Amino acid sequence: MNRDVSAIRSEFPILERTVDGRPLVYLDNAATTQTPERVYRVYEEFYGGYNANIHRGIHTLSHEASVAYEEAHDRLAAFVGASGGREEMIFTKNTTESINLVAYGLGVNELGPEDEIVTTEMEHHASLVTWQQVAKKTGATLRFVGVDDDGRLDMDHAAELIGPDTALVSVVHVSNVLGTVNPVREIADLAHEHDASVLVDGAQSAPNRPIDVEAMDADFFAFSGHKMAGPTGIGGLYGKRELLEEMDPFLFGGEMIRHVTFADSSWNGLPWKFEAGTPPIAEGIALAAAADYLEEIGMDAIRDHENELAQYALERLDARDHVETYGPPAGEERTGVVAFNVDGVHGHDLSSLLDRRGIAVRAGDHCTQPLHDILSIPGSVRASFYVYNTTEEIDLLLAAVDDAADELEGYLASSYHDAILERHEHPRNDGGLAEPTFTKHSEETSCGDEGEFHVAVAPDGTIERLGFESESCAVSTAVADLLAEHLEGRPIAEAAALDGEVKALLEGEFPELRRDCVVGPEEVIREGAREYLAAHEGRLPR
């Protein structure tokens, strides 16, 4: 890189903090990157020097704020290679809102039952769910390009799916789980052969590689500030000017209005037509500062640094028999994302063990539940690297992974009520029932816990037997076992009324950090009992 990592780290004061007495090792950058001091100082400069609303005041502060906010649009347009300047750069809250803006402005208003939307099996929920809902509203057909065994898009499948009925193609530039860098120009060419529009989800690419929306021929490109050393609550949508001009806004009021009568209204010009109300002024100016900061380091250098760290981690994780990794194999370019699982240690438990060493990672399904279904796993652990991370930090991660299985019982014993460790070591009710009266699946929570309660209800409405099958963490599994025994012989109505029972059984002895793991089984069985009672209303003895 143009600057050494130690100099870069010095610009991020948060990296000097400790967690439980250990130096912070921040490896959750695919979720949110840290922000350098020069970027968050923008807030102090704005609020201490020229805080005012934009485009509305005939006074100095409003003028200064307006100019800075307008120039921020120009800066971000240049950052992604948009020659049209601010008119092709809309500020939104994040990638999710950017995708929704296109979905409502183009999808809901333009698509119909004769149209097809093509996306991929590796999409983030922000994209997948949005297009799923557009398809439901419009009657359009939603199709998914497959992912091969090495975590790459099946481009032959893409060529088959993208055809004369395709109206829109939405593709993630970089997978937030697999680290795969997708061939977005090739996909754009396929789409444009059939006059389809192309939206590229750049949430995981804008932070770490040079972006040229015109070279990739994207019609739309969405990104988030908080993943590129900038603030939360601000993101961007690049759109080709001719498409943005044709689209209708989906938020109304304030800045986006040009003229209003009691009968009708007209809209402002680009980009303000899509920026209703008072915008995130300080955030937009800070995002421009983040773009300056990243380009000062060099986007090529950031890309190469992330890839080197990912290759270093991937090679060493792959060498461990008790670890399974996901995505393209070592040697192929990827971003700084490595997802993996450790045999015998659920991702939530591993994340807690790592946290005790000051290491921050992400565990769960990473808002890609369908992709994890394809991988046949409920969730994964994701280590993600950025410009300030080092191989020494990866070595600390690897050492913790090696010790995880041996440390799990000690962690449970030191952090939870005795019942958790005891149920972990000696479960009594695990395993499903042969003929349950009803079952209730956890529906795979966002943390990656997955399990199913099996409940046998007697004719008098009491619970005869309760068992469970679980791919959940050690904590949720132990709680499910405890809860199953606790409810046997009690009326099903009492299960439907559970409220804080598990917390009472554990006498509140559990870390708040894992509260969802503790209360999750109670919520699942309570919902299942309520559904059963609703289905049998009036048919159970009082």
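You'll find the structure just up there.
Notes on the structure in this doc start here. If you're wondering where the values come from, they're calculated on a predicted model, not measured in any experiment. (Residues numbered from 1 in each chain as written. Predicted model: local features only at pLDDT ≥ 70, side-chain atom pairs only at ≥ 80, totals over all residues. Heavy atoms only, no water.)

Let us look at the packing of aromatic side chains. Under the criterion given, the structure shown has 14 aromatic pairs. A centroid spacing of 5.2 Å and a plane angle of 25 degrees characterise the contact between phenylalanine 438 and tyrosine 532, whose relative ring orientation is stacked. Of the two residues, phenylalanine 438 is situated in strand β18 (residues 438-441) and tyrosine 532 in helix α18 (residues 515-535); the sequence distance between them amounts to 94 residues. A connected cluster of aromatic rings, assembled from ring pairs, spans Phe12, Tyr293, Tyr386 and Tyr388. (Phe/Tyr/Trp six-rings, centres within 6.5 Å; stacked < 30°, edge-to-face > 60°. Helix = DSSP H or I, 4+ residues; strand = E, 2+ residues; numbered from the N terminus.)

Another point: the nonpolar core. If you look at the biggest cluster of nonpolar residues, it comprises 78 residues, and the most contacted ones within it are Leu76, Val80, Phe221, Phe223 and Leu294. It is helix α9 (residues 281-297) that provides the largest number of residues to this core, a total of 12 residues. Discounting residues that sit within four places of it in the chain, valine 80 has contacts with Met89, Ile211, Asp212, Val213, Phe221, Phe223 and Tyr238. Listed in part, the 65 residues of the second largest apolar core include Ala313, Leu408, Ile492 and Tyr532. (Core = buried A, V, L, I, M, F, W, Y, C linked by side-chain atoms within 4.5 Å. Buried < 20%, exposed > 50% of the residue type's maximum accessible area, 1.4 Å probe, protein only. Contact = heavy atoms within 4.5 Å.)

Strand order in this open sheet of four strands is β13-β14-β17-β16, and the pairing throughout is antiparallel. Strand pairing shows two members of the sheet lacking a second neighbour, β13 (323-326) and β16 (362-364), which therefore form its edges. When strand polarity is set aside, the average angle formed by the axes of neighbouring strands in this sheet is 30 degrees. Here β16 runs beside strand β17 (residues 380-384); their pairing, made up of three bridges, is antiparallel. Across the sheet, alanine 363 pairs through a bridge with valine 381, a residue of β17. In the packing of helix α10 (residues 299-318) onto the sheet, contacts are made with β13 and β14 (337-342), and the angle to β14 comes to roughly 20 degrees. Strands β14, β16 and β17 of the sheet are contacted by helix α11 (residues 347-355), whose axis makes an angle of about 160 degrees with β16. (Pairing = 2+ DSSP bridges. Axes fitted to C-alpha atoms, helices over the stretch in contact; angles between N-to-C directions.)

Size it by volume and the second largest pocket reaches roughly 340 Å³. Contributing to the lining of the second largest pocket are 27 residues, with Val345, His346, Gly347, Glu471 and Ser472 lying nearest its centre. Broken down by secondary-structure element, the contributors of at least two residues to the lining of the second largest pocket are β13, β14, α11, α14 (418-425) and α15 (474-487). When its residues are assigned to classes, the lining of the second largest pocket shows 10 nonpolar, 11 polar and six charged. (1 Å grid on protein atoms, 1.4 Å probe; cavity = no way out; pocket = protein on both sides within 12 Å on 5 of 7 lines; lining within 4 Å. Points joined across faces, edges and corners; volume = space filled by probe spheres on them. Nonpolar A, V, L, I, M, F, W, Y, C, P; charged D, E, K, R; others polar.)

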